[in-house]
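Chain by chain, the residues:
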Amino acid sequence: GSEEMAIAKAALGDTAEEKRLADAFLAMKDPREKMRLAAVLGRVATPAALAALASEMRTDLVYEMPNVMRRSVRLDILAALSKSYPDKTFLWDNALSSDEDYARVEAFCEATFGTKWKTPRPPYLTIQGFPGH
């Protein structure tokens, strides 16, 4: 019943476990938990898990530490995807310096996974520190 066992089962072809993990990620609205579940799917790394990650590259969820920083959940989705594509340097979070960089990632998701967007791209954000921190 452990998460590690679920990841292993999904990665090894248990489609029911894979779907359960992907559905949990897709439904999650809490930024911190969505970040954690993105890492889980990145470890599963099956085509369906990666497609679920790609489909959320336009999430507008932001993790915020009050008076410290704001962090786009898209960074964690990107990190999870990049583990399966280490040669695609544009998937590295330090490669994001503009909205055009997010557009390049989205084009990759469209071409690789057939991703169709249901929402517009959120405003550009990676990590934003608050003054004095």
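Analysis parameters
Residues numbered from 1 in each chain as written. Predicted model: local features only at pLDDT ≥ 70, side-chain atom pairs only at ≥ 80, totals over all residues. Heavy atoms only, no water. Helix = DSSP H or I, 4+ residues; strand = E, 2+ residues; numbered from the N terminus. Buried < 20%, exposed > 50% of the residue type's maximum accessible area, 1.4 Å probe, protein only. Pairing = 2+ DSSP bridges. Axes fitted to C-alpha atoms, helices over the stretch in contact; angles between N-to-C directions.

A. The environment of Asn67, seen in detail. Mapped onto the elements of the fold, Asn67 is located in the loop between strand 1 (62-65) and strand 2 (69-72). Relative accessible area serves as the criterion here: at 58%, Asn67 is assigned to the exposed category. Counting along the chain gives 62 residues from Asn67 to Met5, while the straight-line C-alpha distance between them is 38 Å.

B. Representation of the sheet that holds strand 3 (residues 127-129) in the model. The sheet built from three strands is open, its strands ordered 1-2-3 with antiparallel pairing. Edge positions in the open sheet fall to strand 1 and strand 3, since each of these has one partner strand only. Strand-to-strand twist in this sheet, taken as the mean axis angle between neighbours without regard to direction, amounts to 10°. Pairing of strand 2 with strand 3 involves three bridges; the strand directions are antiparallel. Directly across from Arg70, in strand 3, lies its bridge partner Gln128.

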